[in-house]
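For reference, the chains in residue letters:
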Amino acid sequence: MTREEICKGVLDIVQSVAPDEDLSKLKPNVRFRDQMELDSMGFLDMIMELYKRYSVTIPEGDYLKLATLDSCVAYLEPILKDR
């Protein structure tokens, strides 16, 4: 997968978890939780959707690496590069 495909996929997941959010103003380098109404359960839902969509198991210790769109894409890019 390309970086753009991963970014689009992550945004699709975020939109499914937080359907009332306007993602057009989402800043890629600012934490999701700082710019959206995304509580800890919503964030965990996002992790579960990443697992469902990409079969990627994310250890709890890596959750902070998924805090922003940029960091999420950077984390997933090496994992998904050959898909």
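Residue numbers restart at each chain and count upward from 1, following the sequence in its written direction. Predicted model: local features are reported for residues with pLDDT of at least 70 only, side-chain atom pairs are reported and counted for 80 or more only, and whole-chain, interface and lining totals are derived from all residues. Side-chain numbers come from the whole structure's heavy atoms, not from hydrogens or water.

Quick one: what's the story with the pattern of salt bridges, residue by residue and with numbers?
When a carboxyl oxygen of Asp or Glu lies within 4 Å of a side-chain nitrogen of Lys or Arg, that pair is called a salt bridge. Scanning the model with the defined rule gives six salt bridges in all. Measuring nitrogen to oxygen at the nearest pair gives 3.1 Å for the salt bridge that ties D12 to K8. Here K8 and D12 lie together in helix α1 (residues 3-17), a separation of four residues that amounts to about one turn. In this structure, a network of salt bridges that share partners links the residues K8, D12 and R53. Labels follow the DSSP assignment, with helices taken as runs of H or I lasting at least four residues and strands as runs of E lasting at least two, numbered in each case from the N terminus.

Please give an account of the nonpolar core that cites residues and values.
By size, the foremost hydrophobic cluster in this structure holds 24 residues, and its most contacted members are V10, F32, M36, L50, L66 and L76. Elements that contribute at least two residues to this core include exactly α1, α3 (40-54) and α4 (69-80). Looking at which element gives the most residues to this core, the answer is α4, with six residues. When sequence neighbours within four positions are dropped, the list of residues in contact with F32 reads V10, V14, L26, L38, M46, L66, A67, T68 and L69. Among the buried residues, those of types Ala, Val, Leu, Ile, Met, Phe, Trp, Tyr and Cys that are joined through side-chain atoms within 4.5 Å form a nonpolar core. We call a residue buried when its accessible area falls under 20% of the maximum for its residue type, exposed when it is over 50%, and partly exposed in between, using a 1.4 Å probe and counting protein chains only. Every residue pair with non-hydrogen atoms within 4.5 Å of one another is taken to be in contact.

Please set out the packing of α1 against α3 residue by residue, giving values where relevant.
The geometry of α1 relative to α3 is characterised by a closest axis approach of 9 Å and an angle of 130 degrees between their N-to-C directions. One way to sum up the angle between α1 and α3 is to call them oblique. Here α1 and α3 pass one another in a crossing that is right-handed. Facing E5, G9, V10, D12, I13, V14, S16 and V17 of α1, the residues of α3 in contact are G42, D45, M46, E49, L50, R53 and Y54. By the convention adopted, Pro, Cys, Tyr, Trp, Phe, Met, Ile, Leu, Val and Ala count as nonpolar, Lys, Arg, Asp and Glu as charged, and the other residues, Gly among them, as polar. Classifying every residue of the contact of α1 with α3 gives seven nonpolar, three polar and five charged. Geometry is summarised by axes, namely lines fitted to C-alpha atoms with helices restricted to the contacting stretch, and by angles between N-to-C directions that run from 0 to 180 degrees. Roughly parallel means an angle under 35 degrees; roughly antiparallel, over 145; roughly perpendicular, 65 to 115; everything else is oblique. Handedness of a crossing is defined here by the sense of rotation of the near helix relative to the far one, left-handed for an anticlockwise turn of less than a right angle and right-handed for a clockwise turn.

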